[in-house]
Structure formats: structure tokens, C-alpha cells
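# Commentary on secondary and tertiary structure
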Amino acid sequence: MTLQQLKYVIEVANQGSINEAAKRLFISQPSLSNAIRDLEEEMQITIFERSNKGISLSKEGIEFLSYARQVVEQAELLESRYMGAKPSPQHFSVSTQHYAFAVNAFVSLVKEYGQDEYELALRETKTYEIIEDVRSLRSEIGIIYLNEFNGKVINKLLKAANLQFNSLFMAKPHIFISIRNPLAKQSIVTIEQLQHYPYLSFDQGEYNSFHFSEEILSTLTHRKSIRVNDRATLFNLLIGLNGYTISTGVLSADLNGNEIIPVPLDCEEIITVGWISHRNVSLSKLGVAYIEALKQVIS
């Protein structure tokens with residue numbers, strides 16, 4: 001086993017593709033494949049499972065990758081300390097539901113810890129993909145919410161993936177609407193008052209079930225409903241169509257401006273927003289710093 005082989009495994013895991021990893025490593029695809037196979041044979045484990053759809057980390061591979069990253073990080077610290085080597089770019093990735101506070105925390109992280117070079121990733125994506133990203137270590141941290149309705153299904157998936165949920169804060173449902181919406185001046189709105197306005201939600205792809213919905217009270221029926229894929233589009237439709245969505249009530253004027261406001265929704269629902277991570281993998285320095293940044297922006 002060599003340090004170079006460990007770096008190869010890390011890059012393939014980051015890219016999710018041997019071809020893409022080979023391009024970034026400036027070696028041929030066969031050479032990279034052979035190096036990984038030699039490592040698997042030496043360690044007598046299967047690090048990557050191969051199929052017609054590509055490659056993915058095996059259960060053993062996920063654990064091996066966590067150790068490989070620690071070894072490579074320590075080796076780079078030694079080289080930097082005693083050989084004057086240039087530090088490698090920092091790596092960190094987080095997958096999240098479409099929360100402005102998650103972006104705020106990411107901005108704070110980059111401002112405080114960003115060096116001259118870094119390779120970071122912020123993935124606003126679908127609920128099921130967040131869980132898969134963290135399971136496969138594509139992302140170190142995922143941000144989702146749990147409540148009485150979706151908790152049983154989501155917790156079952158987390159347990160099967162050996163992931164743990166850590167609470168950040170609890171919230172009651174709010175609607176996000178334009179400041180020009182007729183409901184904007186109310187101190188609280190009822191579900192009945194929303195019936196005439198377009199309901200906006202994030203599409204969950206093939207896992208578009210109520211339990212994976214980002215929007216609280218996902219089982220409600222709506223006379224007018226629009227699904228979108230990104231937060232900018234949703235916010236534009238909130239303004240352009242006087243639409244609404246149901247969320248935590250946590251917004252960022254710095255990133256989203258003052259055109260969208262939260263208004264409390266009259267219901268008894270409570271949700272817990274939190275972050276997920278691998279049970280057997282310690283958070284990196286940037287992972288710990290990101291969690292602290294999250295706590296700061298929501299406090």
C-alpha cells in the first residue's frame with residue numbers, strides 16, 4: 001500500500017468516476033484502475049463496487065476511505081511542516097435541502113478557512129440524494145429535517161446507511177411569500193387563506209413521495225401547484241405569481257434580499273432541522289467548523 005494509491009482512492013470517490021478521476025490525476029484510466037485493483041487485492045477488500053451504472057463505494061470501502069483521508073491529511077501535514085511542501089487544496093462537501101442558512105454558513109466557512117487553493121462543494125439537492133451523498137462520503141455532512149410524519153421513514157434509511165441525525169433547531173411552519181402578496185401584512189395565516197395562491201415545492205425526482213418532501217405539511221391538497229428544481233426559481237415565482245411555499249421561517253436578507261418574507265402558519269406542526277453524518281467517521285476540521293458556522297447563523 002502506498003500513499004499514492006490512497007490518493008487515487010480518494011480522488012475516485014470524490015469524482016464518482018474512474019474516468020473523471022484519471023483526467024484530474026493526469027494518468028490513464030487503465031493505470032488508475034490497475035492501481036486500485038492492486039490495492040484491493042493487497043488489503044483483501046472490495047473498495048469500489050462496479051456495475052453497468054458505474055462505480056460506488058462498498059460498505060468496506062466507506063470505512064477504508066475514512067482512514068485513507070486521515071492518513072493522507074497527516075502525511076501532507078508532515079510534508080508541509082518539515083519539507084516546506086505547498087499544502088494541498090482543502091476538500092469539503094456538504095449536501096443540503098434548499099436552506100438559505102446552509103448557504104450562509106458555507107460562506108462564513110470559506111471566508112474564515114479558505115486558503116489560496118480549495119476544492120469545496122455545496123450541493124442543494126433532493127432529500128434522498130442527500131442521504132446517498134453522505135452514505136457514500138461524497139459529502140461529509142447533509143442537512144435535512146425530521147418531523148412526526150417523515151421521521152419513521154427517514155430514520156429507517158439513516159439506520160440502514162449507518163448515518164446519525166444531529167439536531168440543530170426546532171421550528172414551526174411558516175410560509176415564504178412576496179412582500180407584495182396580500183397576506184404579507186398579516187401576523188399569521190391559516191391554511192384556508194392559502195387556497196387561492198399557487199403552492200410551490202421542490203421536485204424530488206423518482207423519490208417524489210410525501211416522506212421526502214422538503215415542504216412541511218406535504219400531504220395537503222392544493223388547487224394550484226408548481227414544482228421547481230432550484231431556490232432561485234422558487235423565489236422568482238413567489239414574487240411573480242404571488243405564490244407561497246411552506247418552510248422553517250429562517251431566511252437571509254444578506255443572500256435573498258428583502259423581497260421575500262416569512263409569515264407564521266396557523267398549525268400545530270413542529271419540525272427538527274439537523275445535520276447527518278457517518279457514525280464511524282470523525283468530522284474533518286472543516287466539517288467541525290461548518291457545524292459551528294451553522295450554529296452561528298441560526299442563533
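Rules used throughout
Residues numbered from 1 in each chain as written. Predicted model: local features only at pLDDT ≥ 70, side-chain atom pairs only at ≥ 80, totals over all residues. Heavy atoms only, no water. Pairing = 2+ DSSP bridges. Helix = DSSP H or I, 4+ residues; strand = E, 2+ residues; numbered from the N terminus. Axes fitted to C-alpha atoms, helices over the stretch in contact; angles between N-to-C directions. Contact = heavy atoms within 4.5 Å. Salt bridge = Lys/Arg side-chain N within 4 Å of Asp/Glu carboxyl O. Buried < 20%, exposed > 50% of the residue type's maximum accessible area, 1.4 Å probe, protein only. 1 Å grid on protein atoms, 1.4 Å probe; cavity = no way out; pocket = protein on both sides within 12 Å on 5 of 7 lines; lining within 4 Å. Points joined across faces, edges and corners; volume = space filled by probe spheres on them. Nonpolar A, V, L, I, M, F, W, Y, C, P; charged D, E, K, R; others polar.

## Looking at the sheet that holds strand S6 (residues 163–171)
- Reading across the sheet, the 5 strands line up as S4-S3-S5-S12-S6 and stay open at both edges, with mixed pairing between neighbours. Strands at the two margins of the open sheet, each flanked by one partner only, are strand S4 (118–124) and S6. For this sheet the average axis-to-axis angle between neighbouring strands, irrespective of direction, equals 20°.
- Pairing of strand S3 (residues 90–96) with S4, which is carried by 7 bridges, proceeds in the parallel orientation. When the bridges of S4 are listed, Gln90 appears paired with Tyr118.
- Against the sheet, helix H6 (residues 127–135) makes contact with S3, S4, strand S5 (141–146), S6 and strand S12 (271–278), and its axis sits at roughly 30° relative to S12, the strand it touches most.

## Some words on the pattern of salt bridges
- Summed over the entire model, instances satisfying the criterion amount to 12 salt bridges.
- Between Glu11 and Arg24 there is a salt bridge, and its shortest N-O distance comes to 3.0 Å. Here Glu11 is found in helix H1 (residues 3–15), whereas its partner Arg24 is found in helix H2 (residues 18–25), with 13 residues between them in sequence.
- Overall, the relative accessible area of 40% leaves Arg24 in the partly exposed class.
- For the salt bridge of Glu129 with Arg123, the shortest nitrogen-to-oxygen distance reads 4.0 Å.
- Taken together, the shared-partner salt bridges in this structure form one network comprising Arg123, Glu129, Asp133 and Arg138.

## Re empty space enclosed by the protein
- In this structure the tally under the stated criterion is 2 cavities of 30 Å³ or more.
- Estimates place the volume of the largest cavity at around 150 Å³.
- Taken together, 17 residues form the lining of the largest cavity, with His98, Tyr99, Phe176, Phe202 and Ser247 sitting closest to its centre.
- Looking at the lining of the largest cavity, the elements with two or more residues in it are helix H5 (100–113), helix H8 (231–240) and strand S10 (245–247).
- Residues that form the lining of the largest cavity fall into these classes: 10 nonpolar, 4 polar and 3 charged.

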